[in-house]
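Descriptive analysis of the structure
One-letter residues, chain by chain:
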Amino acid sequence: LVRSNNVGATRDALLALLNGACLVVFDLQEQGLAHLGTWLLDENITVFTCGATVFRHVIQTVHPTTIFPSIRLIHIGGEPVFKSDVESYKKHFSDRCIFVNRYSISETQAVSYYFIDKKTEIKEERVPVGFPLEGNEILLLDNDGNKLGFNQEGEIAVKSPYLTIGYWQDRELTD
């Protein structure tokens, strides 16, 4: 995980450990982004979770012919992912590696995923954030809480039985 310390990073770390994975720590402050690509190779990392900007830095710091043979899953999130990111994935990662663009909101778990493999064709400049996970409904609402249609601007709302009912012991934030 190359992420800030937040709920999502904590969840990902616990999921890794609870499923028998080895969680390998990269001290970004001490080692810097310039060494992350080499570290991923040296440690034979298999699941790489990071923001899109970190992913881009890794690609820029390795030799143009570098392949990451051990990485089988890349989780990207936290900011828009572009067609050029997918092209970098296709160039530098093995055929068995899956590239996943996921969308989360601070108050929710990941609510949508877009799975990309080497055959996936990206036609637009921005990569879609995918489709809602089972049990989640993603809505776009206007200022009055009415549903909006396709290609309209509004507030994203998530309906799910898996959402928290408020902030832990903080009535003011919950309200």
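The rules behind these values
- Going along each chain's sequence as written, the residues are numbered from 1 onward.
- Only residues with pLDDT of at least 70 get local features here, since the model is predicted, and only at 80 or more are side-chain atom pairs given and counted; chain-wide, interface and lining totals rely on the full set of residues.
- Excluding hydrogens and water, the side-chain values take into account all heavy atoms of the structure.
- Only buried residues count toward a nonpolar core, which is a set of Ala, Val, Leu, Ile, Met, Phe, Trp, Tyr and Cys residues joined through side-chain atoms within 4.5 Å.
- The buried label goes to any residue with under 20% of its type's maximum accessible area, the exposed label to any with over 50%, and the partly exposed label to all in between, with areas taken from a 1.4 Å probe on protein chains only.
- Comment: elements are numbered from the N terminus, with helices defined as DSSP H or I runs of at least four residues and strands as E runs of at least two.
- Working definition: rings of Phe, Tyr and Trp (its six-membered ring) pair if their centres are within 6.5 Å, and the pair is stacked with planes under 30 degrees apart, edge-to-face with planes over 60 apart, and tilted otherwise.
- Whether a charge sits over a ring comes down to the Lys NZ or Arg CZ being within 6 Å of the ring centre and within 35 degrees of the ring normal.
- Two residues form a contact once any of their heavy atoms are found within 4.5 Å.
- Whenever two N or O atoms come within 3.5 Å, that pair is a polar contact, provided that in protein one can donate a hydrogen and the other can accept it, and provided that, for residues adjacent in sequence, both atoms are side-chain atoms.

Ranked by size, the top nonpolar core spans 27 residues in total, and within it L40, F48, F55, I74, Y89, F93 and F99 carry the most contacts. Every element with two or more residues in this core is listed here: α3 (36–42), β1 (47–51), α4 (52–61), β2 (73–77), α5 (83–92) and β4 (110–116). Of all the elements, α4 adds the most residues to this core, at five residues.

Let us look at the packing of aromatic side chains. Counted under the stated rule, the structure contains eight aromatic pairs. Arranged with centres 5.5 Å apart and planes meeting at 65°, the rings of F55 and F99 form a pair that is edge-to-face. Of this pair, F55 sits in helix α4 while F99 is found in strand β3 (residues 98–104), placing the two residues 44 residues apart along the sequence. The pair formed by F55 and F99 is uniform in burial state, with each residue classed as buried. Residue F99 is classed as buried on the basis of its relative accessible area of 0%. Here the aromatic residues F55, F68, Y89, F93 and F99 are joined through ring pairs into a cluster of three or more. For the cation-ring pair, K118 lies above Y89, with the distance from its terminal atom to the ring centre recorded as 5.7 Å.

Let's shift gears to the environment of H75. Structurally, H75 is set in strand β2. It is 13 Å that separates the C-alpha atoms of H75 and I45, two residues lying 30 residues apart in sequence. Residue contacts for H75: discarding those within four places in its chain leaves F48, T49, C50, V100, R102 and Y113. A polar contact is formed between the side chain of H75 and the side chain of R102, at a distance of 3.2 Å.

Within the fold, Q152 resides in the loop between β6 (137–141) and β7 (155–159). The class of Q152 is partly exposed, set by a relative accessible area of 42%. Here the alpha-carbon distance between Q152 and L141, two residues eleven residues apart in the chain, equals 9.3 Å.

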